[in-house]
Amino acid sequence: MSDNPETPFDPFVKQRRWYTEILTNYLPIELLQRNGTIRAISIGGAEGLEGQALIELAKIINPGLNIYFEALDLDEGGIRKSRRMNPNVPAENFKVADATDIQSFGLEPWDLIIIRNPNLKTGVITWKEGGGHENWNTIFQNSIDKLSPGGYLFITNYDEDEQQLTLDMLKSEKNFPELQILHLNSNKTSSLSKKGTGFMLERTASVFRKL
Ligand SMILES: C[S@@+](CC[C@H](N)C(=O)[O-])C[C@H]1O[C@@H](n2cnc3c(N)ncnc32)[C@H](O)[C@@H]1O
């Protein structure tokens, strides 16, 4: 990878294209048609390709929309990469932070919270270390708390089992009744069925709206 922040070599170009397709298919258009600034945050984003994908998509759909984007991850290496991969976002918006601590989400609510591939089946907290479901339970609860009314929780998973676990965990949250389920698309029922792309990618998309 190039060390020059002006011209980063982008090893995630295919993944970003894939994620742009998912956003195009499942992110409610109503959000992208708003004018002014919307606040979007990615939790456990690692290299954070969703930031650039979202910003580029919004630019095409609605020039009157500005995306304020932040990303949190426990993993310092992932945050370093995401700063390089998102040249349009100020570096300080990518934070090494623990999302089980609600203060990591800041004071203001979010219009869009993105969680890509939380990896619930293995309970992995970082790519290298083991972890627990407790972690994601708390993150889901914090995410529902920190959504603005009319805001969206956008979660993708590697497969249907992970998606089902996500849904089960969300349903167990005390604040789940505040969510309306908009999409529960899986690789069996949607366009998310491409194979052979050579990288780990999500095959399900679940979208919720806060009432
Ligand atoms: C399986 S990886 C997925 C990474 C990326 N979203 C993707 O789809 O390629 C899960 C990520 O969640 C992060 N994570 C796990 N627990 C976290 C927590 N409590 N706070 C912030 N990030 C967390 C991990 O560091 C890791 O980068």
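Calculation rules
Residues numbered from 1 in each chain as written. Predicted model: local features only at pLDDT ≥ 70, side-chain atom pairs only at ≥ 80, totals over all residues. Helix = DSSP H or I, 4+ residues; strand = E, 2+ residues; numbered from the N terminus. Buried ≥ 20, exposed ≤ 12 C-beta atoms within 10 Å, placed from the backbone. Contact = placed C-beta atoms within 7 Å. Pairing = 2+ DSSP bridges. Near = placed C-beta within 6 Å. Nonpolar A, V, L, I, M, F, W, Y, C, P; charged D, E, K, R; others polar. Core = buried A, V, L, I, M, F, W, Y, C linked by C-beta atoms within 7 Å. Axes fitted to C-alpha atoms, helices over the stretch in contact; angles between N-to-C directions. Expected span 1.5 Å × (residues − 1). Arc of directions from axis to C-beta.

Caption draft 1: Region of interest: the overall build of the chain. Along the chain, the regular secondary structure elements total six helices and seven strands. Overall, the chain shows an N-to-C arrangement of helices and strands of α-α-β-α-β-α-β-β-α-β-α-β-β. Residues classed as buried in the chain amount to 38% of the 211 residues present. Residue pairs at least 24 apart in sequence account for 76% of intrachain contacts in the chain once pairs closer than 6 positions are excluded.

Caption draft 2: Representation of the environment of Phe 176 in the model. Along the chain, Phe 176 falls in the loop between helix H6 (160–171) and strand S6 (179–185). Given 16 C-beta atoms within a 10 Å radius, Phe 176 is considered partly exposed. Phe 176 sits 32 residues away from Ile 144 along the chain, and the two C-alpha atoms are 7.4 Å apart. Excluding its chain neighbours within four sequence positions, the residues that come into contact with Phe 176 are Leu 170 and Lys 171.

Caption draft 3: Just the pairing of strand S7 (residues 204–210), in detail. Within S7, five of the seven residues are buried, which leaves the element mostly enclosed by the surrounding structure. By the bridge criterion, six bridges tie S6 to S7 in an arrangement that is antiparallel. By the bridge assignment for S7, Ile 181 is matched with Phe 208.

Caption draft 4: Spatial organisation of the site of the ligand. Residues in close proximity to the ligand total 20 residues, the closest being Gly 44, Ala 46, Ala 99, Asn 117 and Asn 119. Of all elements in the fold, only strand S2 (65–73) and helix H5 (133–146) reach the threshold of two or more residues within the shell around the ligand. A breakdown of the residues in the shell around the ligand according to their chemical character gives eight nonpolar, eight polar and four charged.

Caption draft 5: Structural view of the nonpolar core. If you look at the biggest cluster of nonpolar residues, it comprises 43 residues, and the most contacted ones within it are Ala 40, Ile 41, Leu 112, Ile 113 and Leu 153. In this structure Ala 40 touches Leu 54, Ile 67, Phe 69, Trp 110, Asp 111, Leu 112 and Ile 114, once residues within four positions along its chain are discounted.

Caption draft 6: Fine view of the sheet that holds S7. Strand order in this open sheet of seven strands is S3-S2-S1-S4-S5-S7-S6, and the pairing throughout is mixed. The open sheet has two edge strands, strand S3 (94–96) and S6, and neither has a second partner. Recorded for the sheet is a direction-independent mean angle of 15° between the axes of neighbouring strands. Pairing of strand S1 (residues 36–43) with strand S4 (residues 110–116), which is carried by four bridges, proceeds in the parallel orientation.

Caption draft 7: Layout of H6. Over its 12 residues, H6 extends 16 Å from the first C-alpha to the last, a length consistent with the 16 Å expected when each residue adds 1.5 Å. Those residues of H6 not exposed but buried are Glu 162, Gln 163, Thr 166 and Leu 170. One side of H6 carries all its buried residues, which in axial view fall inside an arc of 100°. For H6, the exposed residues lying more than 90 degrees away from the buried face are Asp 161, Asp 168 and Lys 171.

Caption draft 8: Spotlight on unusual backbone geometry. The phi torsion at Ala 46 lies on the positive side, around 50°, for a residue other than glycine. Non-glycine residue Asn 117 carries a positive phi angle of around 55°. Among the secondary structure elements, Asn 117 is positioned in the loop between S4 and H5. Note on Asn 117: 19 C-beta atoms within 10 Å, which makes it partly exposed.

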